[in-house]
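The chain contents come next:
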There are 2 protein chains.
Amino acid sequence: MTRVRNGHDAHGAGVTRAQRAVLAALAAEGPFVSAQDLHAQLRGAGEGVGLTSVYRALQALADAGEVDVLRTPSGEATYRRCGSDRHHHHLVCTSCGTAVEVEAPALERWVRQVAATHEFAVDSHTLEISGRCRTCARD
Amino acid sequence: MTRVRNGHDAHGAGVTRAQRAVLAALAAEGPFVSAQDLHAQLRGAGEGVGLTSVYRALQALADAGEVDVLRTPSGEATYRRCGSDRHHHHLVCTSCGTAVEVEAPALERWVRQVAATHEFAVDSHTLEISGRCRTCARD
DNA sequence: ACAGCAATGAAAACCGTTTTCAATCGAACG
DNA sequence: CGTTCGATTGAAAACGGTTTTCATTGCTGT
Ligand SMILES: [Zn+2]
Ligand SMILES: [Zn+2]
Ligand SMILES: [Zn+2]
Ligand SMILES: [Zn+2]
């Protein structure tokens, strides 16, 4: 009777080889990285993982809530393994890419309230703040 | 001595033919629309405007702050002519596309404050709420 | 060993957007 | 008018990120 068959399983963290590789690479990362960056990084590290598999792994992990997805202003998707499992937002440095996770109950409350005011049933919301972190604040 | 030469001029609204066409089409629109949708719409209405020009016009108008840009979750850029000139956010209906503009001084203050707490110099921020408007709230 | 199915990845297809470039338009000047 | 010259236009090609296709490979249970 089926054991740890690939595809789904014990709360779904890193089941396939590609997923494990991606998770490992993300673990060491601070900033949000794109699929292509990840692929290049894995290639460089000897890990033979095809670009297609990187995309597939990231998609699966994102669906499973294991990684956070963030769209760059140019529309490119970037990924990160965040510390918190709970809903949160980000403060990202446009220079070094570092991201700070921030939880804001007051904001969440506000969102629900303004939606209610306009009689909207909220599906989701996004809030991202971008700027320069202290160390990158040269200029 | 040079008169209304194209390229720049009286507070920059709709100088080129393409820009005028785009602005006219957007004026009649409630929801955010993509460049391609706009192009199709203009084509359908007999307005002969090339797709390239639609992209260029939208870019110019967005740069001039005449239209708001919103990225769909899939990364596609959508545009809308908003009522307010001031900084604001949106509440968008995932079904009919209608958007409500919302100004939130308290939120803006909060953003600046949380950034300060983490010693970030804020460049920009985005906040979008998506859900179902009242009329679309069928199920 | 064998059958069956999921995982893999190279190559091709996709899709929104940008670039290229030759044709066209239109104001300015003689 | 006719010419000039920069701005505008748009078809076609290039681009860049992502998804699909499909043949191969690797496991798992029999
Ligand atoms: Zn930084
Ligand atoms: Zn939130
Ligand atoms: Zn609606
Ligand atoms: Zn704001």
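Up top is the structure these notes are about.
Everything in this summary refers to the structure shown in the same document. Computed from a predicted structure; not experimentally measured.

Each value, and the rule that gives it
Residues numbered from 1 in each chain as written. Chains lettered and ligands numbered in written order. Predicted model: local features only at pLDDT ≥ 70, side-chain atom pairs only at ≥ 80, totals over all residues. Heavy atoms only, no water. Buried < 20%, exposed > 50% of the residue type's maximum accessible area, 1.4 Å probe, protein only. Helix = DSSP H or I, 4+ residues; strand = E, 2+ residues; numbered from the N terminus. Pairing = 2+ DSSP bridges. Donors = N, O, S within 2.8 Å, 3.2 Å for Na, K, Ca; no water. Tetrahedral: all angles 85-135°; square planar, octahedral: opposite > 155°, others 65-115°. Contact = heavy atoms within 4.5 Å. Buried area = accessible area lost by both parts, 1.4 Å probe. Salt bridge = Lys/Arg side-chain N within 4 Å of Asp/Glu carboxyl O. Polar contact = N/O pair within 3.5 Å; in protein donor to acceptor, adjacent residues only side chain to side chain. Nonpolar A, V, L, I, M, F, W, Y, C, P; charged D, E, K, R; others polar.

1. Some details on the pairing of strand 3 (residues 77-80) of chain B
Residues and elements named next belong to chain B. Side chains of strand 3 alternate between two faces, with Ala77 and Tyr79 and Thr78 and Arg80 buried alike. Summarising the sheet, strand 1 (residues 33-34) and strand 3 pair through 2 bridges and their orientation is antiparallel. In the sheet register, valine 33 faces strand 3, and the bridge partner there is tyrosine 79. In this structure, the hairpin formed by strand 2 (residues 68-71) and strand 3 is closed by a connection of 5 residues, where glycine 75 is found at a positive phi of approximately 100 degrees.

2. Focus on the coordination of the zinc ion (ligand 3)
Residue and element names in this part refer to chain B. For the zinc ion (ligand 3), the protein coordination sphere consists of Cys93 (SG), Cys96 (SG), Cys133 (SG) and Cys136 (SG), at 2.1 to 2.4 Å. One can describe the site at the zinc ion (ligand 3) as tetrahedral: its 4 donor atoms subtend angles covering 100 to 118 degrees at the metal. All donor residues of the zinc ion (ligand 3) come from one chain, and their arrangement in sequence is C-x2-C-x36-C-x2-C. You can see cysteine 93 sitting in strand 4 (residues 89-93) and its partner cysteine 136 sitting in the segment after strand 6 (121-132), a full 43 residues away along the chain. Note on accessibility: cysteine 93 and cysteine 136 belong to one class, buried.

3. Quick notes on the interface of chain A and chain B
On the side of chain B, 34 residues touch chain A, which itself brings 34 residues to the contact. Summed over both sides, the interface between chain A and chain B buries roughly 2800 Å², with carbon and sulfur atoms accounting for 65% of that surface. Our enumeration of links across chain A and chain B arrives at 2 salt bridges. Counting across the chain A and chain B interface gives 12 residue pairs in polar contact (both at pLDDT 80 or more). Elements with a contribution of two residues or more to the side of chain A that touches chain B: strand 4 (89-93), strand 5 (99-102), helix 4 (105-117) and strand 6 (121-132) of chain A. For the side of chain A that touches chain B, the leading source of residues is strand 6 of chain A, giving 12 residues. Of the residues in the side of chain A that touches chain B, the class split is 18 nonpolar, 10 polar and 6 charged. Two elements, strand 6 of chain A and strand 6 of chain B, share 11 bridges in a ladder whose sense is antiparallel. The residue bridging alanine 121 of chain A from the neighbouring strand is arginine 132 of chain B, located in strand 6 of chain B.

Geometry only, nothing functional implied.
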